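# Chains, contacts and geometry: an overview
Each chain, written out:
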Amino acid sequence: MRRKRQYSEFGLWAKGILMELNMTQTELAQALGAGRSTVSDAFTGRTKDGGFLQESIRSYLEGKTAEYGGKGKAV
């Protein structure tokens, strides 16, 4: 059985933007040059990098939503 993830507030925001962009966490990880599990950790708040990855993800997603005219408002 697959584990249910408990997303942080940031993770819920980012997941919503990914859905809006029709993008997966794997595609996001590739775009950022990060590992899939590292991105997943940022979504759940288990990151060890002091928020640097979350800021990178936020910046990337906000840029993508602006590019496509989406809502992508930061939390």
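Structure: see above.
Summary of the structure given here. (Residues numbered from 1 in each chain as written. Predicted model: local features only at pLDDT ≥ 70, side-chain atom pairs only at ≥ 80, totals over all residues. Heavy atoms only, no water.)

It is worth spelling out the pattern of salt bridges at this point. Taken as a whole, this structure holds 2 salt bridges when the rule is applied. Salt-bridge contacts for Arg46 lead to Asp41; the nearest nitrogen and oxygen are separated by 3.0 Å. (Salt bridge = Lys/Arg side-chain N within 4 Å of Asp/Glu carboxyl O.)

On to the nonpolar core, then. Judged by nonpolar contacts, the single largest core of 15 residues is most densely connected at Ala14, Leu28, Phe43, Ile57 and Leu61. When contributions to this core are tallied by element, the ones reaching two or more residues are helix H1 (9–21), helix H2 (25–32), helix H3 (36–44) and helix H4 (52–68). No other element matches H1, which puts 6 residues into this core. If we skip the residues at most four places from it in the chain, Ala14 touches Phe43, Ile57 and Leu61. (Core = buried A, V, L, I, M, F, W, Y, C linked by side-chain atoms within 4.5 Å. Buried < 20%, exposed > 50% of the residue type's maximum accessible area, 1.4 Å probe, protein only. Helix = DSSP H or I, 4+ residues; strand = E, 2+ residues; numbered from the N terminus. Contact = heavy atoms within 4.5 Å.)

Residue placement: Arg58 occurs in helix H4. Residue classification places Arg58 among the buried positions, given a relative accessible area of 15%. The spacing of Arg58 and Ile17 is 41 residues in sequence and 9.7 Å in space, taken between C-alpha atoms.

With that settled, consider the packing of aromatic side chains. Within a pair of aromatic rings, the relevant descriptors are the distance that separates the centres and the angle that separates the planes. Counted by the stated rule, this structure contains 3 aromatic pairs. Plain terms: the ring middles of Tyr7 and Phe43 are 6.0 Å apart, the flat faces sit at 65° to each other, and that makes the pair edge-to-face. Of this pair, Tyr7 sits in the segment before H1 while Phe43 sits in helix H3, placing them 36 residues apart in sequence. The exposure class of Tyr7 is partly exposed, given its relative accessible area of 23%. Under the relative-accessibility criterion, Phe43 is labelled buried at 0%. The interplanar angle of 85° and the centroid separation of 6.2 Å between the aromatic rings of Phe10 and Phe43 together place this pair among those described as edge-to-face. Separated by 33 residues along the polypeptide, Phe10 in helix H1 and Phe43 in helix H3 bring together distant segments of the chain. Residues Phe10 and Phe43 agree in their burial class; the two are buried. Following the ring pairs from residue to residue traces out a cluster consisting of Tyr7, Phe10, Trp13 and Phe43. Stacked on the ring of Trp13, the Lys or Arg Arg58 has its end atom at 5.2 Å from the ring centre. (Phe/Tyr/Trp six-rings, centres within 6.5 Å; stacked < 30°, edge-to-face > 60°. Lys NZ or Arg CZ within 6 Å of the ring centre and 35° of its normal.)

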